[in-house]
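Fold and contact review
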Amino acid sequence: MNFDGLARSYRLLETVSFGNALQRCRTTLIPALTTPRRALIIGEGDGRFLCEFLRHHPSAEVDCIDLSARMLELAQDRAAREVPVSRGRVRFIQTPIETWRAEPPYDLIVTHFFLDCFERAAVAKIVGKLGASAAPNAEWLLGDFRIPDRMAARWHARLWLSLMYGFFGAVTNIEPRQLVDPTPHLRANGFICAQSRISHFGMLKAELWHRTPTNTFRARSPATRLCECPTGCGVHV
């Protein structure tokens, strides 16, 4: 899997396909975070989420990991240009997540549109590895695709995902051909979903997960409100 060839054109591809929906999904729950001191961002891409995060949390130290050297260059250049005060507090690390050596503890883990690039068994291993690097009271910020419940939206999502997996499989050699839900693996590593936002015909989800120091939890339902999707799909979140 390598996104170097798409690095320059990735934002254009994203905008043509989804407008600003993916970036809104990445950033919508930033204000809900506590004050992270040490964050781990996996598969950041071109740095747009990183810069928004640094604007809200200017004192945080960040390890930003990506397999693509070109994506990391774009992220580093963007951060230096847009958030120059962050210089020296962000480490850009090029490495596969499978061989990365964690330097715990992190009190924030961020995986936006990253876990959907792996098969089910790999997702379980990656979530376990990241969970082991997280502090006892860590938060986990996740943005990803989902399959909606409503029939029309469900078929719409399946069609889009099929096209995307076909395209990225051919261009970047990602292995999966269907979406894997990381929810059971997050729960198995002691995290509970505290907030969720669903948008874009019910196809996108932004989630904030919490872990408690004792790793003993009682599931609590997040506050329910209508999706902010501009189409007015009526999904409750």
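Thresholds, definitions, all that
In this numbering scheme, every chain counts its residues from 1 along its sequence in written order. Per-residue local features are limited, in this predicted model, to residues with pLDDT of at least 70; the limit for side-chain atom pairs, both in listing and counting, is 80 or more; totals at the level of whole chains, interfaces and linings are taken over all residues. Side-chain calculation: all heavy atoms of the structure are included, whereas hydrogens and water are not. Numbering goes from the N terminus for both helices and strands, where a helix is a DSSP run of H or I of at least four residues and a strand is a run of E of at least two. Throughout this description, buried means an accessible area under 20% of the type-specific maximum (1.4 Å probe, protein chains only), exposed means over 50%, and partly exposed covers the range between. By definition in these notes, contact holds between two residues if any of their heavy atoms fall within 4.5 Å. Computed with a 1.4 Å probe, the accessible areas rest on the Shrake-Rupley method; for each residue, only the protein chains presented here act as cover. A residue's pLDDT is the predictor's confidence in that residue, given on a scale from 0 to 100. Strands qualify as paired when DSSP identifies two bridges or more between them. Inter-axis angles, ranging from 0 to 180 degrees, are taken between N-to-C directions of lines fitted to C-alpha atoms, where helices are fitted over the stretch in contact. Each pair of aromatic rings taken from Phe, Tyr and Trp, with Trp reduced to its six-membered ring, is defined by centres within 6.5 Å and is described as stacked if the planes are under 30 degrees apart, edge-to-face if over 60, and tilted in the remaining cases. In this analysis the charged atom, NZ for Lys or CZ for Arg, is taken to sit over a ring once it is within 6 Å of the ring centre and within 35 degrees of the ring normal. Surface patches are defined over residues having more than 30% relative accessible area and no salt bridge, joining like charges when they lie within 9 Å and nonpolar side chains (Val, Leu, Ile, Met, Phe, Trp, Tyr) when within 5 Å. Salt bridge criterion: a side-chain nitrogen from Lys or Arg within 4 Å of a carboxyl oxygen from Asp or Glu. In a left-handed crossing the near helix is turned counterclockwise from the far helix by less than a right angle, and in a right-handed crossing that turn is clockwise. For this scheme, ten residues count as nonpolar: Ala, Val, Leu, Ile, Met, Phe, Trp, Tyr, Cys and Pro. Four count as charged, namely Asp, Glu, Lys and Arg, and the remainder, Gly too, count as polar.

**Examining the overall build of the chain**
What the chain contains, in helices and strands, is 7 helices and 7 strands. Listing each helix as α and each strand as β along the chain from the N terminus yields α-α-β-α-β-α-β-β-α-β-α-α-β-β. Counting the 237 residues in the chain, one finds 51% classified as buried. A fraction of 72% describes how many contacts in the chain between residues 6 or more apart in sequence connect residues 24 or more apart. Total accessible area on the chain stands at roughly 11,600 Å², and carbon and sulfur atoms take up 54% of it.

**As for the environment of Asn189**
Following the sequence through the fold, Asn189 ends up in the loop between α7 (183–188) and β6 (191–199). Once the C-alpha coordinates of Asn189 and Ala134 are considered, the two residues, 55 residues apart in sequence, prove to be 9.8 Å apart. In contact with Asn189, not counting residues within four places along its chain, are Val127, Gly128, Gly131 and Arg211.

**So, the confidence of the model for the chain**
Across the chain, the average pLDDT comes to 86, with 89% of residues at 70 or higher. Within the model, pLDDT remains below 50 along residues 216–237, and this stretch shows 45 contacts once partners closer than five positions in the same chain are excluded.

**Notes on the sheet that holds strand β1 (residues 38–42)**
Adjacent strands of a sheet form backbone hydrogen bonds with each other and so pair up, either parallel or antiparallel. In spatial order, the strands read β3-β2-β1-β4-β5-β7-β6; together these 7 strands make up an open sheet with mixed pairing. Across the chains shown, the open sheet's two edge strands, defined by having one partner strand only, are β3 (90–94) and β6. Averaged over all pairs of adjacent strands, the angle between strand axes in this sheet comes to 15°, irrespective of strand direction. Here β6 runs beside strand β7 (residues 204–211); their pairing, made up of 8 bridges, is antiparallel. Paired with Cys193 across the bridge in β7 is Trp209. Together, β2 (61–66) and β3 form the strand contacts of helix α4 (residues 69–82), whose direction differs from that of β3 by roughly 165°.

**Re unusual backbone geometry**
Omega for the bond connecting Pro104 with Pro105 falls within 30 degrees of zero, at 5°, which places this linkage in the cis form. For Phe113, which is not glycine, the phi dihedral falls at a positive 50°. Of note, Phe113 is situated in the loop between β4 (106–112) and α5 (120–132). Despite not being glycine, His200 has its phi angle at roughly 55°, a positive value. Relative to the assigned elements, His200 resides in the loop between β6 and β7.

**Remarks on the packing of aromatic side chains**
Enumeration over the complete set of coordinates arrives at 7 aromatic pairs. Connected via pairs of aromatic rings, a cluster forms that spans Phe18, Phe113, Phe145 and Trp160. The ring of Tyr106 carries Arg38 above its face, with NZ or CZ at 4.3 Å from the centroid.

**Digging into a nonpolar patch on the surface**
Taken together, the side chains of Leu13, Phe167 and Val171 present a nonpolar region at the surface, about 220 Å² in accessible area. Given a relative accessible area of 40%, Val171 falls into the partly exposed group.

**Things to note about the pattern of salt bridges**
The full count for this structure, using the stated rule, is 15 salt bridges. Its salt-bridge partner being Asp107, residue Arg37 comes within 3.8 Å of it at the nearest N-O pair. Of the two residues, Arg37 sits in the loop between α2 (21–27) and β1 while Asp107 sits in strand β4, which places them 70 residues apart along the sequence. Here Arg37 falls in the exposed class, since its relative accessible area comes to 60%. The exposure class of Asp107 is buried, given its relative accessible area of 10%. In the salt-bridge network here, residues are joined through shared partners; they are Glu14, Arg26, Asp46, Arg48, Glu52, Arg55, Arg78 and Glu82.

**Re the packing of helix α3 (residues 48–56) against α4**
A pair of packed helices can be characterised by two numbers: the angle between their axes and the separation between those axes. Two elements in contact, α3 and α4, have axes whose closest approach is 9 Å; the angle formed by their N-to-C orientations is 30°. At the point where α3 passes α4, the crossing takes the right-handed sense. Contacts from Arg48, Leu50, Cys51 and Arg55 in α3 reach Ala75, Arg78, Ala79 and Glu82 in α4. Its residues placed into classes, the contact of α3 with α4 shows 4 nonpolar, no polar and 4 charged.

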